[in-house]
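In case you want the letters, here they are:
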Amino acid sequence: MSAPMSDQVGDDLPLVQLLTPSGERVENPEFHFDGDDAAIRGLYRDLVLARRIDVEAYALQRHGEIGLWPPALGQEAAQVGSGRALRPQDFAFGTYREHGVAWCRGVEPADLLGWVRGVELGGWDPYEHNYNLPSIIIGAQTLHATGYAMGLTLDGAVGTGDPERDAAVVAYFGDGASSQGDVMEAFDFAAVNHAPVVFFCQNNQYAISVPTSRQTAVPIAQRASGFGFRGVRVDGNDVLACHAVTTAALQQARDGGGPMLIEAVTYRMGAHTTSDDPTRYREADEVESWRAKDPIDRVRAYLDSAGTPPQFFTDLEGEGDLLGEHLRERCGMMGSPDLAELFDHVYVEQTDELREQQAAFVAWRGQYEGSPA
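The text that follows walks through the structure, step by step, so that each part is easy to find. (Residues numbered from 1 in each chain as written. Predicted model: local features only at pLDDT ≥ 70, side-chain atom pairs only at ≥ 80, totals over all residues. Heavy atoms only, no water.)

### Some points on the overall build of the protein chain
Point 1. Scanning the protein chain from terminus to terminus reveals 12 helices and eight strands.
Point 2. Its C-alpha atoms give the protein chain a radius of gyration of 21 Å, near enough to 21 Å, the size a compact globule of 373 residues would have.
Point 3. Among the 373 residues that make up the protein chain, the fraction classed as buried is 50%.
Point 4. Within the protein chain, residue pairs in contact and separated by at least 24 positions form 75% of the contacts whose partners lie at least 6 positions apart. (Helix = DSSP H or I, 4+ residues; strand = E, 2+ residues; numbered from the N terminus. Rg over C-alpha atoms; globule rule 2.2 N^0.38 Å. Buried < 20%, exposed > 50% of the residue type's maximum accessible area, 1.4 Å probe, protein only. Contact = heavy atoms within 4.5 Å.)

### Topic: the nonpolar core
It is characteristic of soluble globular proteins that their nonpolar side chains tend to be buried jointly.
Point 1. Membership of the largest hydrophobic core comes to 63 residues, with the highest contact counts inside it found for Ile66, Leu113, Val234, Val239, Leu240 and Val299.
Point 2. If sequence neighbours within four positions are ignored, Val239 has contacts with Leu43, Leu47, Ala77, Val80, Gly81 and Val299.
Point 3. Core analysis: the next-biggest nonpolar cluster, separate from the first, contains 25 residues, Val169, Ala177, Ala190 and Phe199 among them. (Core = buried A, V, L, I, M, F, W, Y, C linked by side-chain atoms within 4.5 Å.)

### Considerations on the packing of aromatic side chains
Point 1. Counted according to the given criterion, the structure contains 20 aromatic pairs.
Point 2. Ring centres 6.2 Å apart and planes at 45 degrees place the aromatic pair Tyr44 and Phe312 in the tilted group. Placement of the pair is Tyr44 in helix α1 (residues 37-62) and Phe312 in helix α11 (residues 310-333), with a sequence separation of 268 residues.
Point 3. Overall, Tyr44 belongs to the buried group, its relative accessible area being 6%.
Point 4. Phe312 gets classed as partly exposed once you look at its relative accessible area, which sits at 22%.
Point 5. Ring pairing ties together the aromatic residues Phe173, Phe187, Phe199, Phe227 and Phe229, which thus form one cluster.
Point 6. A cation over a ring is seen here: Arg25 above Tyr302, with NZ or CZ 5.8 Å from the ring centre.
Point 7. Over the ring of Trp290 we find Lys293, and its NZ or CZ is 4.2 Å from the ring centre. (Phe/Tyr/Trp six-rings, centres within 6.5 Å; stacked < 30°, edge-to-face > 60°. Lys NZ or Arg CZ within 6 Å of the ring centre and 35° of its normal.)

### What about empty space enclosed by the protein?
Which parts of space are left empty comes out when a probe the size of a water molecule is rolled across the atoms.
Point 1. Overall, the coordinates contain two cavities of 30 Å³ or more when judged by the stated rule.
Point 2. Considering only enclosed or pocket space, the largest cavity measures out at about 80 Å³ in volume.
Point 3. Its residues assigned to classes, the lining of the largest cavity shows eight nonpolar, two polar and two charged.
Point 4. Space inside the second largest cavity adds up to approximately 40 Å³.
Point 5. Every residue along the wall of the second largest cavity is listed here: Ala50, Asp54, Ala72, Glu76, Gln79, His99 and Gly100.
Point 6. Of the residues in the lining of the second largest cavity, the class split is two nonpolar, three polar and two charged. (1 Å grid on protein atoms, 1.4 Å probe; cavity = no way out; pocket = protein on both sides within 12 Å on 5 of 7 lines; lining within 4 Å. Points joined across faces, edges and corners; volume = space filled by probe spheres on them. Nonpolar A, V, L, I, M, F, W, Y, C, P; charged D, E, K, R; others polar.)

### A word on the packing of α1 against α11
In helix packing, the relevant descriptors are the interaxial angle and the interaxial distance, both defined with respect to the helix axes.
Point 1. Interaxial distance between α1 and α11 falls to 9 Å at its minimum, and their mutual angle equals 35 degrees. Crossing geometry of α1 relative to α11 is assigned as right-handed. Contact with α1, carried on its side by Arg41, Tyr44, Arg45, Val48, Leu49, Arg52, Ile53, Glu56 and Leu60, involves Phe312, Phe313, Leu316, Glu319, Gly320, Asp321, Leu323, Gly324, Leu327, Arg328 and Cys331 of α11 and no other residues of that element. (Axes fitted to C-alpha atoms, helices over the stretch in contact; angles between N-to-C directions. Left-handed = near helix turned anticlockwise from the far one by under 90°.)

### Observations regarding the sheet that holds strand β2 (residues 91-93)
Point 1. Spatial ordering of the open sheet is given by β1-β7-β8-β4-β3-β2, a layout of six strands whose pairing is parallel. Of all the strands in the sheet, just β1 (15-16) and β2 have a single pairing partner and so form its edges.
Point 2. Two elements, strand β4 (residues 197-203) and strand β8 (residues 260-265), share six bridges in a ladder whose sense is parallel. By the bridge assignment for β8, Phe199 is matched with Leu261.
Point 3. Strands in contact with helix α6 (residues 140-154) are β2, β3 (169-174) and β4; relative to β3, the strand with the most contacts, it is inclined by about 170 degrees. (Pairing = 2+ DSSP bridges.)

### Focus on the pairing of β3
If a strand is regular, its side chains alternate between the two faces of the sheet.
Point 1. In terms of burial, β3 is a largely internal element, five of the six residues being buried.
Point 2. Direction of pairing for β2 relative to β3: parallel, over a ladder of three bridges. Paired with Phe93 across the two strands is Ala171, which belongs to β3.
Point 3. As judged from the six bridges shared by β3 and β4, these two strands associate in the parallel manner. Across the sheet, Gly174 pairs through a bridge with Gln202, a residue of β4.

### A short note on the environment of Glu108
Point 1. With respect to the element layout, Glu108 can be found in the loop between α3 (99-104) and α4 (114-117).
Point 2. The spatial distance from the C-alpha of Glu108 to the C-alpha of Leu121 is 16 Å, given a sequence separation of 13 residues.
Point 3. Leave out the neighbours within four places in its chain, and Glu108 touches His326 and Arg330.
Point 4. A polar side-chain atom of Glu108 sits 2.9 Å from the main-chain amide nitrogen of Ala110. (Polar contact = N/O pair within 3.5 Å; in protein donor to acceptor, adjacent residues only side chain to side chain.)

### Considering the side chain of Asn130
Point 1. Looking at where Asn130 falls in the secondary structure, it is placed in the loop between α5 (126-129) and α6.
Point 2. According to the relative accessible area criterion, Asn130 is buried, its value standing at 12%.
Point 3. Within the structure, the side chain of Asn130 is placed 3.3 Å from the backbone oxygen of Gln89, a separation counted as a polar contact.
Point 4. The residues touching Asn130, leaving out its near neighbours within four places in the chain, are Pro88, Gln89, Asp90, Phe91, Ala92 and Arg105.

### Focus: the environment of Ala221
Point 1. Among the structural elements, Ala221 can be located in the loop between β6 (210-211) and β7 (230-235).
Point 2. You can call Ala221 buried: its relative accessible area is 1%.
Point 3. Separated by 62 residues in the primary sequence, Ala221 and Gly159 place their C-alpha atoms 25 Å from one another.
Point 4. Setting aside residues up to four positions removed in sequence, Ala221 forms contacts with Leu13, Gly231, Val232, Arg233, Leu261 and Glu263.

Shown next, in the form of structure tokens:
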């Protein structure tokens, strides 16, 4: 059965849980994880490598190789569980902290570093992996996701019964963003237009330094009912539960059943960004209590009890080391961008005004020795 977490705001909604912190599988009457142990090993690999990306990037920032990093330490289950529920034709809209989702969508991990190294002009092609560029403006991506979802309906890509065609959208945001007007507008547009979008809130307990208890008097998932759609609360440190609930929500959306809000109750173990000091606004005992609910440790406990060969973990550790080496090498190889390319990416088709501005910039730059032609 789903188990509540007493240290969260409100207990009005049940918390869906399928894997306890001790690694025990439990049942939920509505949501089920249908994968076998091989599938769980695959999710464990994603969790470990997503964390390795995060740890390496954090170290790169501390070594002065990148200017800033927003850690996702502790939130891997919410991101991997939901990310692996997406089909290729689905589309994800995230923030600057969805490193695990980007990994699941096939984004080159080193591409996550360009903007924080100050050498990236635009990121990647969103359509290559159906993963949008990260939104820095808090909450704005929920409107983008809703608009894209409405477009899917207009394109006839919803409710056809064809699993290869029907598509849905996931909009990721945090508990702090739930206080933004953009998110409320997105909820309203999605509900009124029956848009195939899943709103996935990672409630990591803090909007920088402001705790969830100062942001809302009810569980965030409960807010959905005011807009006319369902909200579900899930253990955000349980990768199986996050996968099961997101799978169900996405299928409802693809079938034409409209939006759903998922509140993944998790915890940001590290700082908001590398410029933040979380010890100024939270107690060490609180952090330790959440450390016992670590999303990776509980899957490891289950796999150990299921008789997973030790070689699996040894091989995965080696894979993580190679990934870390790859990130360090790629980061060091990132060169300075050609600023003239900025004018190429403002609109889909470049305007005459932009062409004139680009030519003027190139001419100005050409006056200086050593500048590219």
